[in-house]
Structures are given as structure tokens and as C-alpha cells.
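# Coordinate inspection notes
Now for the letters of each chain:
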Amino acid sequence: MEHFFLGDLTWSDLPHQWFTIGGTGAIIVGGIIVAAVITYFKRWTWLWKEWLTSTDPKKIGIMYIVMASLMLFRGGLDAIMIWIQQAISAGNAPGYLGAAHGYLDASHFQQIFTAHGDIMVFFVTMGFFFGIMNLIVPLQIGARDLAFPFLNSLGFWLYVAGAVFINMFFVVGGEFAASGWLSLPPLSEIQFSPGTGVDYWVWSLQISGLGSLLGGINFIVTILKMRVKGMKLMMMPLFTWTSLCSMVLVVASFPVLTITTLLLWFDRFFGMHFFTSGFGGNPMLYVNLIWMWGHPEVYILVIPAFGIFSEIVATFSGKKIFGYVSMVCSAIAITLLSFLVWLHHFFTMGAGADVDAFFGIMTGIIAIPTAAQIFNWIATMFRGRIRFTTPMMYFMGFVSLFTFGGMAGVLLSIPGADFELHNSLFLVAHFHTMIVSAALFGIFAGITYWFPKVFGFTLNEKIGRRAFWLWIVGFFMSFVPLYILGFLGATRRLDHYAASTGWQPFFIIAATGVCIIAAAVITQAWQVIVSIRDRRQNTDTTGDPWDGHTLEWATASPVPFYNFAKTPVVDGRDAFWEMKKRGERPGILPPDGYDDITLSKNTGMAIYLSGFVFLAAFGLVWHIIWLALLGIFGAIACVIIRSFDEDTEYVLPAAEVERLEKLAWKK
Amino acid sequence: MEKIMEKNDTHAFGFWVYLMTDIIIFGVLFAVYMVLRANTFGGPTSNDLFSLPTALVNTLVLLTSSFTCGLMTLAARKGKVNQTIAWLIATFALGATFLALELGEFSRFIAIGASWQRSAFLSSFFTLVGTHGLHIAVGLLWIIVAIVQLKLRGLTPGVTSKLTRFALFWHFLDIVWIFIFTTVYLMGML
């Protein structure tokens, strides 16, 4: 009977180790503080009506960015914990907190690097990019909303449910997957990982992956179907182009992740034998499948950043982007090639020299379209009037770091070299250089660049630049030692090593570097706080603070919820720049007046649906069958109820648009 | 009116993109099945288990349901509510028959000890065919909801748009089944 109600849950699954007590405490205390603040300011109704149930892509975008920022702190804390452990756990020095070496025992250390990887990829980088796309893509193509506003809200709430779920192990269970960020079998099979850690891993990826998939479909349809009159594909801004490429990758690769991790879970839950080491299972099948998703995923994280940088470099050089057509072609080339290189993640599998050679060559070829992008950016800067603002600094940092890490990548693409460097810290240093420089710097640059558009005031320039310098110095300090350590033979994921290796000084330098990165992140938070305090001095009254090129700057700042009072008509690239050249100005009553605008209503259904999905996943992790069924049937009921609701839109009358426009431009 | 047409067009396009993602899911399951189908680990092989007549009946039932689904689309286009409902019911009956036959086959296998736990081959067989069956079950639920909405609202643009998407879904499942019939049953009996 007890098993019926509670499944595999027992009292010992409640927090009792220092880190689960700490994590749970942080969640509870944080929750209480937030709830207290909202109650004190009587903002509950406002929060629910204006934000949580909103289908406005700008609000959803901001919520994505808030959530991703929280997860950045969470994943960053993991990184700091990893580095500190590695800095202090050489040789036979006595451990702390009950650990044999350093202060983390081996299993806990493994859980931390697993969580770090998954959180940074799925909940930080993807979250930020979905946020920025929600804010900017509709504006750049002159649309009022995405094609499917409800699915957009649902995608966001599934992302939130996944993010909460990956932290649930703090509260219930006390262990996360200790099998690496991709949980390769047979280690991740029930035989070797009998706890609930891997199940938590599977289901947080299932939930958030479903959200990403919905987002991918939504953006593809939006970009292909909802552009303003006159905007042909080859007139789209480059950020929209790269978003499209990235979303095509999402739609083509996320189903692979979903089904592959589900098959692993079938092994664990139903006793199937897809990837087990006995009964005819084939673990290498999993490795192939997961990297068929995994490599495109890398480009999902990087390609949108290319688009962000293209916008920034053109704007701050005061020129049109150099080689627009080749920029588009190279983005598409990278998109396609990314499906042909997955095997370079495991050259050592033993597929044979010919197979390895093919994938090595394909990997090398990707450097060509990527280099085309870099040369085009540099050519755009050539003879431009460059303004060295914070986004531009991040761009310069990106180009130098990305080239540096990219060359390490070309080195790794040679199977012979890879046999030596496989699984070493050299590899770890390489992919961190790529992802931090492209994805993370792209995100920081994009947020700084578009911040005035969304909030109506610019971010503090001086503190922003300070944060950038801390980032780049901290980054080199923490990762150059890893390149060297890789050559010295240090493998990745070590919680302890012999003192005679002589590695400890390098690990200590790396740990010092991460402290500088932490200072950079704190500086960034400080930058936001100071900018909010000084918002009156930094108000953007023109709607176009940087002399931008693309349509998003043709609206007032902050953007009104209906985006464009009158949808523009476009006849070329850099639409807004051309308008400015012709002397057209936004915010003036058009001769034929405004029209009624149809917008989508708010709905709480996405929250209920995600809640049921969350319950179902929790039930499945803990084998609480009634809870799983409740979640599944609840989610189905939500979908059916929603399908009966045809009253999902409302009309904003033209007179009201006129009033709001006057108000927005009066400042 | 033009706006509604445009919207239905967008919805249909979005649904096509969704179907592509589903194709990828089935594609992975087919690939997994092809890799693992020889890995019987001393257990029953496809030759021991499959019966071609059962698979053939299944195929005919599902193909016929695709035909009735097509007739449903035609009736909906002519604006005949009752006829549309009748063809939906026929599609439902055939789909349910298919599902019953499939579950019968599954339980026969399990009864002789050939469950998904027996070998990698059987794991991949149950998962591939079962995923298709699960889609059919979702389709059946969809039919029920569609009938209720037709009864309540008639052939409004919203309902017609849903019927179009349902038809896409149902024909898609038919195509997937053709591949299952070929790669799992026919090739398994060679």
C-alpha cells in the first residue's frame, strides 16, 4: 500500500547531505523572499495577469532571459566547485567534509560536472537564445507575434518545468546523474547507476527538449510565413537568418535526443535491452545517436550568435554587412555540414581508418564557412567608423577567442591527433573556448545591444566594459592552463591526481581564473542594477540609440505590445537604414491612419499543462504510477480543453493604437 | 475570411513541420531496429514469431481506414456534417480494430515468453511497432474530440482546419505502417 502511494520514495530520500540541505535551503529561502516581496508590494495579480500567462513574445523573451540568468548562476556555482576541488585535491593531502581528497567525494564530483554541462547547454545557452529570438525575430521581420502564441507560452513553461526538474534532486532523492552530461551507457544503465539520478536527467531533458522542439517549429513557421510585405528571404536581417538555421537544426535534431534518451529510460524502467551490455544490446548505438543530436546542438548554440555579431558589427561600423549573400550561404553550409561530423566525438570507437578519415575531413571542412563569416566581419569593420561600445568589445573578444579555439578544433579533427588528445583537458578547453566565446559572448553582446529596445534605457557602458575585461582575462587564465594540462596528459573529469604529475600549479591558476570570471558575472549583475538606478539619464527617446539598420529600431523603446502601429513595407535589405536615408521617420501618424490590430489573449493553460507534465515525470522517476497517470491524463485534458477554446484573440481598436503611439513617442 | 484562410494555411504548415519531427523519431526507431534485429540473444527470432496473415490483415484494415479518412475529407469539403461524422466513425472503428489486432499480437508474444525484456531484437520490435500503435491511439482520441466539436459547432473554419490536420496525421501513420510492414514483417519473414 505504501508503495502504491509513495513509489520508491522513502524518508532517506529527503535532504541529509550538506549539499542537498544547502540546495533545498537555498530554494526554500529564495522562494520565501520572492513570495514575501511580491506579497508586500501586492503584485500577485499583476504577476499572473501581466507576465506568467502572457503570450506576448517580448514578455516571454524577458522571462526566458531571467530564468536563464538564474540557471547561469546555478551552473557557474558548479563550475567553481569543480575547479576548487581540482585545485586542492593533489596527492595525499587530507580531505575536508568527509571526502577522501579535496572536499567532494568522487560520486558527488561526478554529479556536479554532469549537472554543470546539462545546465549550461540546455538551460542557460538555449534559454538565452530562445529569449533573444522571442524579443527580436518578430520585430526584425515586422510581425506582431509568433505564428503560434500559445505554443510559445507552452514552450517557455516546459523549459521552466525542465529547469525546476533538474534541481528537484536537491529536495527529493539527493543524487543527480553521475554519468557525464550525455550519460553514456552502459554506465547509465540501471545495473551501474541504480539510483534516480539518471532518471532525473532523462526527464528534465525530455521536458525541456519538448519545449525546444515546439519553439523550433514555431520560429520556422513564423520566419517563413509571417514576414512583412516585400521582405524576401534574401532581405531578412542576418540574425533572423541564423535563427532560422538554428531552428531548422532544432527541429531536425531534437527528436533524436528525445527518442534516444527515452530508449535509455526504457532500458532502465521496462528492463529493455537497447544499450545494455548483455541481451544483445549495443551501447555504441547510443553513442552514435546521441552525437547525431549532439553535434548539431553545438551549432544550435553557436549559429544564432553569429547572427547577433553580424548585426552588431554592421551597426557599430556604420556600414552594411560585407558579403551578405556569402554570410547567408556560409550559415546554411554550417547547418548542413553539422549533420555530417558526429563521429568525430568518438574517433576512438574503432570504426576503422576510412570512416575516421571521412569524418575528420568533414570536420575540417566546417572551418571554411566559419572562416568566411570571420573574414566578412573583419571586412565590414575595414574603413568603417567603428564605435567601441560594450557589444563591440564582446565581438572583438569573440573573434580572437573563437579563432584561437577554432584552431584547436582543427587540430582535434585529425583522427591521429585526436587519439592522443581524446578525453583530455585539451578537449575540455577547446569546447569551452568555442561555446563561451560564441554563445555566451554573443548572448552578452546581444543583450547589451537590444536592452534599450526592450526596456527603454541603455545599460551602463563603463561597468559593461569592465565586466568584459574581467571575462576575457578570467577566461584565458582558467582555460589556457587546461590546454597545457591536456598536453601534459591530464584527462577530463578528474577529482583527484597524484602530486608527482606536477599538475597542481596549473589547476590553481585555473581556479584563480574562475574567481575572476565570478567577479565578471557579479560586475554584470552590478551593471544591471546601476543601469536601472540611472535609467532616467540613459533613457532612449528615439527608439534607435545605436543608429541601427533593421526594422526592430523602427519602433518606440520600449517596444509597445503590438510591435508596429502600422506594419512597414520593405523593398530591400537593411530596411530601416534605407527608410532613414529616405527621410522617413517612425512615430508619425500615417496619412491613411491606423488600423485595428488583432492580438492573442493571455492564457494560463500552458502553466497547467506544464505542471501536469512535471507531475507525470516526477511520478515516472519515483515509480509512483498513480501520479504519472494523473500527470499524463491531466496534460491530455488540458490539450483537449484548449482545443475547444476558439476565442483566443482580441482586437485593439485603431483609436487606442493612436493614443498609445502618441504616448510612446511623447518622451 | 481571408485572414482565417491564411491562418489555417499557417496551421497546416506548422503541422507539416511537426510531422517532419515525427518522421525523424520513426527514422531513429527504424535505424535502431535494423541494427538490433539480429541480436536475438538466443531467444525467438522474427521468423519464429511473425505471422504474415496477421500482418496482412492489419495492413488492409489500416489502408481501408485511410480510405475512409479520405472520404471524410471530401464530405467535409462539401460541407456535409453528418456524412463527415459517419466517415469519422468508420475510421475510428477501423483504427480501433487495428489497435486490437496489434495488442492481440503483442499479448501472444508475451504469453510465450517473447517480451521486450527477452532480447534487444524484441525491445526494438515492441518499441517501433508500439510507438506507431501509440500514435494510432492518439488519433482515435482525436477522432472523438473532432466528432464532439462537429456535433457542437458544425463545420466552422476552426473545426475544418483541425480535420485537415487530422487527415494529414492519419495518412502519415499509414505511410509509416507501410514501412513497418515491409522492414519488420516482410523482411523478417525472409
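Before reading further, recall that the structure is shown in the block above.
Residues numbered from 1 in each chain as written. Chains lettered and ligands numbered in written order. Predicted model: local features only at pLDDT ≥ 70, side-chain atom pairs only at ≥ 80, totals over all residues. Heavy atoms only, no water.

## Re the overall build of chain A
- Tallying secondary structure elements over chain A gives 21 helices and two strands in all.
- At 25 Å, chain A has a C-alpha radius of gyration in line with the 26 Å of a compact globule built from 667 residues.
- For chain A, the C-alpha atoms occupy an extent of roughly 75 × 65 × 50 Å along the three principal directions.
- A separation threshold of at least 6 residues defines the contact pool for chain A, and within that pool the share at least 24 residues apart is 83%.
- Surface accessibility of chain A: about 26,100 Å² in total, with carbon and sulfur atoms responsible for 71%.
- In chain A, 38 positive and 40 negative side-chain charges are present, and the distance between their average locations comes to 14 Å. (Helix = DSSP H or I, 4+ residues; strand = E, 2+ residues; numbered from the N terminus. Rg over C-alpha atoms; globule rule 2.2 N^0.38 Å. Contact = heavy atoms within 4.5 Å. Areas by Shrake-Rupley, 256 points an atom, 1.4 Å probe, with all protein chains shown as cover. Lys, Arg positive; Asp, Glu negative; His and termini not counted. Charge placed at Lys NZ, Arg CZ, Asp CG, Glu CD.)

## Some thoughts on the packing of helix α3 (residues 52–77) of chain B against helix α6 (residues 157–189) of chain B
Residue and element names in this part refer to chain B.
- Look at α3 against α6: their axes get within 10 Å of each other, and the N-to-C directions meet at 165°. Judged on the interaxial angle alone, α6 and α3 are roughly antiparallel. The two elements α3 and α6 meet at a crossing, and its hand is left-handed.
- Across the contact of α3 with α6, the residue classes break down as 19 nonpolar, seven polar and one charged. (Axes fitted to C-alpha atoms, helices over the stretch in contact; angles between N-to-C directions. Parallel < 35°, antiparallel > 145°, perpendicular 65-115°, else oblique. Left-handed = near helix turned anticlockwise from the far one by under 90°. Nonpolar A, V, L, I, M, F, W, Y, C, P; charged D, E, K, R; others polar.)

## What about the packing of helix α16 (residues 461–488) of chain A against helix α17 (residues 504–533) of chain A?
All names here are of chain A.
- Here α16 crosses α17 at 160°, and the two axes come no closer than 8 Å. One finds that α16 runs roughly antiparallel with respect to α17. In the crossing of α16 with α17, the sense of the turn from one axis to the other is left-handed.
- Here the contact of α16 with α17 is built from residues that sort into 24 nonpolar, eight polar and one charged.

## Observations concerning the packing of aromatic side chains
- On inspection of all chains with the given rule, the structure shows 90 aromatic pairs over all chains.
- Against the face of F13(B) rests K225(A), its NZ or CZ located 5.4 Å from the ring centre. (Phe/Tyr/Trp six-rings, centres within 6.5 Å; stacked < 30°, edge-to-face > 60°. Lys NZ or Arg CZ within 6 Å of the ring centre and 35° of its normal.)

## A short note on the environment of L233(A)
- On the secondary structure map, L233(A) appears in the loop between α8 (197–225) and α9 (238–270).
- Setting aside residues up to four positions removed in sequence, L233(A) forms contacts with L224(A), R227(A), W241(A) and Y324(A).

## Examining the nonpolar core
- Counting 262 residues, the largest nonpolar core has F441(A) and F125(B) as the members making the most contacts within it.
- Per-element tally for this core: the top contributor is helix α10 (residues 283–317) of chain A, with 20 residues.
- The residues contacting F441(A), other than those within four sequence positions of it, are F309(A), Y394(A), G397(A), F398(A), L401(A), V436(A), F468(A), W471(A) and I472(A). (Core = buried A, V, L, I, M, F, W, Y, C linked by side-chain atoms within 4.5 Å. Buried < 20%, exposed > 50% of the residue type's maximum accessible area, 1.4 Å probe, protein only.)

## So, the side chain of S610(A)
Residues and elements named next belong to chain A.
- In this fold, S610 is placed in helix α19 (residues 605–621).
- Classification of S610 by relative accessible area gives buried; the value is 4%.
- Setting aside residues up to four positions removed in sequence, S610 forms contacts with L154, W157, L158 and A161.

## Here we look at the environment of F4(A)
All names here are of chain A.
- Secondary-structure assignment places F4 in helix α1 (residues 2–6).
- Note: C-alpha distance between F4 and N134 (130 residues apart in sequence) is 43 Å.
- Once residues lying within four places of it in the same chain are set aside, the contact partners of F4 are I624 and W626.

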